[in-house]
Amino acid sequence: MALKIVALVGGVGGAKLAHGLAQVLPPENLTVVVNTGDDFWHYGLRICPDFDTVMYTLGGVVDPVNGWGVREDTTAMLGALERFGESPWFRLGDQDLATHLLRTEGLHRGERLTAIMQRLTSALGIHSSILPMTDDEVSTIVDTVEYGKVGFQEYFVRHRWQPIVRSLIYDGIERAALTPEVTNAIACADAIMIGPSNPWLSIAPMLALPELRAALLARALPRVAISPIVGGKAIKGPAAKLMAELGYEVSAANVAEFYREFINGFIYDQVDINDRQPDVQHLLTNTVMYTDADRAQLARQALTWIESELL
Ligand code: FO1
């Protein structure tokens, strides 16, 4: 019998793990819970980059080069904005725009984000469940040395994550509620997996959501994180840079330490054989996912390890 898995993920790295799990688990056994701290309003549209990245990846339409956005998308709308004197810094592709229009319209009608996105994921032929971590608006604010407090996408996209980070604020997280769908998925799960996403930008907002934190800690389950740091470097994005700026020595072992309260297992890349937390159960394997087959293999190895060592 296949395990029922809840995977907590952010953007590109987490989407790859989710895709690996989707390849090896029956769809009803996989729930992917996605960070919404990156979400923002832009030109009147609600943009949910991490959710859409997971949705496009599982739906087989993601841009394979960027890892986000829609494959072979065009940018006519951005060109039209420029004609009006705008300098659009966030690249919304023409096909991607359809997602933002339908989501924004649904929200304006009073629908829950979860319900809207269930409709869109089903329309893309996705049978696993992809859920936003909450229906409430929360936003990660980045306090930077150069610009003071800026919205997440300003930091990440507009400033290409170059500013030095002083601290992170997960605005609205204390008031955010867990949805019945996420509550139910955790209650039915055999194991929780934390994807190789950025621990501070993608996973920490979820662990800071009081009801999600409590639901995760309430159950005696295997809870396993996969390192986004391999050989002292981030696989993609600012994880290593940010880790250093927040005062940590950059290593996979220190990511395991950061997650200590939540996890009882940690997956390191095989290159980190000499740098591990001695008292956290671990698996050493290849965690770098270049191909669809790499994703499936990591998912299969993680599930086999959880079943044999942690259940
Ligand atoms: N990332 C970029 O680096 N530049 C962009 O212009 C950009 C546009 C974009 C549009 C839609 C979408 O769903 C994602 C987009 N991303 C872009 C990626 C995204 O903002 C970040 O990778 C995540 O928020 C970090 O997890």
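Since we're looking at a predicted model, the values are computed, not measured.

### Overview of the overall build of the protein
Stage number 1. In terms of helices and strands, the protein carries 12 helices and 14 strands.
Stage number 2. In terms of overall dimensions, the protein has a C-alpha envelope of 60 × 45 × 40 Å along the principal axes.
Stage number 3. Within the protein, buried positions represent 53% of all 311 residues.
Stage number 4. Here the contacts in the protein between residues at least 6 apart in sequence split such that 67% fall between residues at least 24 apart.
Stage number 5. In the form shown here, the protein has an accessible surface area of approximately 13500 Å², with 52% of it arising from carbon and sulfur atoms.
Stage number 6. Computing the positive centroid from 25 side-chain charges and the negative centroid from 37, the protein places the two 1 Å apart.

### Some details on the site of the ligand
Stage number 1. All residues adjacent to the ligand are Asp-38, Pro-49, Asp-50, Trp-68, Trp-89, Phe-90, Arg-91, Asp-96, Phe-152, Gln-153, Phe-156 and Val-157.
Stage number 2. Asp-50 places a polar side-chain atom, nitrogen or oxygen, 2.9 Å from an oxygen atom of the ligand.
Stage number 3. Contacts to the ligand include Gln-153, whose side-chain N or O atom sits 2.9 Å from an oxygen atom.
Stage number 4. Here the ligand has 540 Å² of accessible area as a free molecule, and 89% of this is covered by the chains.
Stage number 5. Within the residue set of the shell around the ligand, elements represented by two or more residues are α2 (49-58) and α6 (152-158).
Stage number 6. Sort the elements by how many residues they give to the shell around the ligand and α6 lands first, with four residues.
Stage number 7. Of the residues in the shell around the ligand, the class split is seven nonpolar, one polar and four charged.

### Some thoughts on the side chain of Ser-128
Stage number 1. With respect to the helices, strands and loops of the structure, Ser-128 is situated in the loop between α5 (113-123) and β5 (129-132).
Stage number 2. Look at Ser-128 and you get buried, because its relative accessible area is 10%.

### Describing the sheet that holds strand β13 (residues 265-269)
Stage number 1. With respect to topology, seven strands assemble into an open sheet ordered β5-β2-β1-β9-β10-β13-β14, the strand pairing being parallel. The open sheet terminates on both sides in strands that have one partner only, identified here as β5 and β14 (282-285). Looking at each pair of strands side by side, their axes are set apart by 20° on average, direction ignored.
Stage number 2. Alignment of strand β10 (residues 223-226) against β13, held across three bridges, turns out to be parallel. Residue pairing across strands places Ala-225 opposite Phe-266, the latter belonging to β13.
Stage number 3. Relative to the sheet, helix α12 (residues 292-310) contacts β1 (5-9), β9 (191-194), β10, β13 and β14, its axis offset from that of β14 by approximately 150°.

### Focus on the packing of aromatic side chains
Stage number 1. Counting across every chain of the model gives 10 aromatic pairs.
Stage number 2. Ring centres of Phe-258 and Tyr-259 lie 5.6 Å apart, and the angle between their planes is 50°; on these two criteria the pair is classed as tilted.
Stage number 3. Taking the relative accessible area as the measure of exposure, Phe-258 reaches 27% and is therefore partly exposed.
Stage number 4. Residue class for Tyr-259 comes out buried when judged on its relative accessible area of 0%.
Stage number 5. Within the aromatic cluster, the residues linked to one another by ring pairs are Trp-200, Tyr-248, Phe-258 and Tyr-259.

### Section: the packing of helix α1 (residues 12-24) against α2
Stage number 1. Contact geometry for α1 and α2: axes closest at 9 Å, N-to-C directions at 35°. Judged by the sense of rotation from one axis to the other, the crossing of α1 with α2 is right-handed. Contacts between α1 and α2 pair Val-12, Ala-15, Ala-18, His-19 and Ala-22 from the former with Thr-53, Val-54, Thr-57 and Leu-58 from the latter.

### Looking at helix α8 (residues 199-207)
Stage number 1. For α8, a buried count of nine out of nine residues is recorded, marking the element as mostly surrounded by other parts of the structure.
Stage number 2. If you check which residues of α8 are buried, you get Pro-199, Trp-200, Leu-201, Ser-202, Ile-203, Ala-204, Pro-205, Met-206 and Leu-207.
Stage number 3. Capping of α8 at its N-terminal end is provided by Asn-198; its side-chain oxygen lies 3.0 Å from the backbone amide nitrogen of Trp-200.

### Digging into the pairing of β1
Stage number 1. Counting buried positions over the five residues of β1 gives five, a clear majority of the element.
Stage number 2. The alternating pattern of β1 places Ile-5, Ala-7 and Val-9 and Val-6 and Leu-8 on opposite faces, both of which are buried.
Stage number 3. The sheet contact formed by β1 and strand β2 (residues 30-34) spans five bridges and is parallel. Each residue of the ladder has a partner; that of Ile-5, found in β2, is Leu-30.
Stage number 4. For the segment spanning β1, α1 and β2, crossover handedness is right-handed.
Stage number 5. For β1 and β9, the ladder comprises four bridges, and the chain directions are parallel. Looking at β9, one finds that Ala-7 is bridged to Met-193.

About the criteria used
- Residues numbered from 1 in each chain as written.
- Predicted model: local features only at pLDDT ≥ 70, side-chain atom pairs only at ≥ 80, totals over all residues.
- Heavy atoms only, no water.
- Helix = DSSP H or I, 4+ residues; strand = E, 2+ residues; numbered from the N terminus.
- Buried < 20%, exposed > 50% of the residue type's maximum accessible area, 1.4 Å probe, protein only.
- Contact = heavy atoms within 4.5 Å.
- Areas by Shrake-Rupley, 256 points an atom, 1.4 Å probe, with all protein chains shown as cover.
- Lys, Arg positive; Asp, Glu negative; His and termini not counted.
- Charge placed at Lys NZ, Arg CZ, Asp CG, Glu CD.
- Near = heavy atom within 4 Å.
- Polar contact = N/O pair within 3.5 Å; in protein donor to acceptor, adjacent residues only side chain to side chain.
- Nonpolar A, V, L, I, M, F, W, Y, C, P; charged D, E, K, R; others polar.
- Pairing = 2+ DSSP bridges.
- Axes fitted to C-alpha atoms, helices over the stretch in contact; angles between N-to-C directions.
- Phe/Tyr/Trp six-rings, centres within 6.5 Å; stacked < 30°, edge-to-face > 60°.
- Left-handed = near helix turned anticlockwise from the far one by under 90°.
- Right-handed = clockwise from strand over helix to strand, strands pointing away.

All quantities given are derived from atomic positions and should not be read as evidence of function.
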